[in-house]
Amino acid sequence: MTDSDQFKHDLRLYLRDARDTFLWKLDGLSEYDIRRPLTPTGTNLLGLVKHVAGAEAFYLGTAFGRPVDAPALWITGDAEPNADLWATADESREEITGQYRRVWAHSDATVEAFGLDAVGVLPGEGGPELSLHRVLVHLVAETQRHAGHADLVRELIDGATGLRPGSEDTAPGDEAWWRRHRERVEGAAREAGGRTAG
């Protein structure tokens, strides 16, 4: 395996891990809970999935001359503001997650078809040229960033945490342990805040 092949393999692995996290974060939740806005800006689980599907289609589809059906990104001017960050009542979970899976397959085919030095062009007059390597790094960062948002939103919904089901990437503890831990963190914050306020 060449260094380039290894880099491509590693980038795809991190992207795949983040994709899997998104779908797990929806497991076992009601239609309301996957759509429920839990931040002042409306962040919600299904909207995050919709957004990353659109971003991946834009960067690994459109930019490399391989368009694929996906949610339009509002930031590109192809949709109303924030349209890709929430699901309407008529957009089903199955529709959005199915579309995300189709975008994955399409994106994986793009990555397979091109070398890391291949250049894609973002749409628009004077759109920047980006290598596949740079696009993959961007998408790993973007998808992992939003997977972190999904972690927090899911925890706010029902307390579920972690990278994947059954993972041991959070400290062990029952509800009482976590309550005491949170109180300890809150106490430290208040103490530090009291020192800097005066």
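Preceding block: the structure.
Our subject in this report is the structure included herewith. (Residues numbered from 1 in each chain as written. Predicted model: local features only at pLDDT ≥ 70, side-chain atom pairs only at ≥ 80, totals over all residues. Heavy atoms only, no water.)

1. A closer look at the packing of helix α1 (residues 3-26) against helix α4 (residues 93-113)
Item 1. Running from N to C, α1 and α4 cross one another at 175 degrees; their axes reach a closest spacing of 12 Å. Relative to α4, α1 is oriented roughly antiparallel. Residues K8, R12, R19, D20, F22, L23 and L26 of α1 form the contact with α4, whose participating residues are R93, T97, Y100, R101, W104, S107, D108, V111 and E112.
Item 2. Taken together, the residues of the contact of α1 with α4 break down into six nonpolar, two polar and eight charged. (Axes fitted to C-alpha atoms, helices over the stretch in contact; angles between N-to-C directions. Helix = DSSP H or I, 4+ residues; strand = E, 2+ residues; numbered from the N terminus. Parallel < 35°, antiparallel > 145°, perpendicular 65-115°, else oblique. Contact = heavy atoms within 4.5 Å. Nonpolar A, V, L, I, M, F, W, Y, C, P; charged D, E, K, R; others polar.)

2. With respect to α4
Counting along an α-helix, one turn takes 3.6 residues, and residues three or four places apart therefore face a common direction.
Item 1. Between its first and last C-alpha, α4 extends 30 Å over 21 residues, near the 30 Å set by a 1.5 Å rise per residue.
Item 2. By the burial criterion, the buried members of α4 are R93, I96, T97, G98, Q99, Y100, V103, W104, H106, S107, T110 and V111.
Item 3. Summarising the contacts, the buried residues of α4 are in contact with α1, α2 (31-35), α3 (45-60) and α5 (132-158). (Expected span 1.5 Å × (residues − 1). Buried < 20%, exposed > 50% of the residue type's maximum accessible area, 1.4 Å probe, protein only.)

3. A short note on the packing of aromatic side chains
Item 1. Inspection of every chain in the model, using the stated rule, returns five aromatic pairs.
Item 2. Between F22 and Y100 the ring centres are 6.4 Å apart and the planes differ by 85 degrees, which places this aromatic pair in the edge-to-face class. With a gap of 78 residues between them, F22 in helix α1 and Y100 in helix α4 connect regions that are remote in the sequence. Summarising the burial analysis for this pair, F22 and Y100 share the class buried. (Phe/Tyr/Trp six-rings, centres within 6.5 Å; stacked < 30°, edge-to-face > 60°.)

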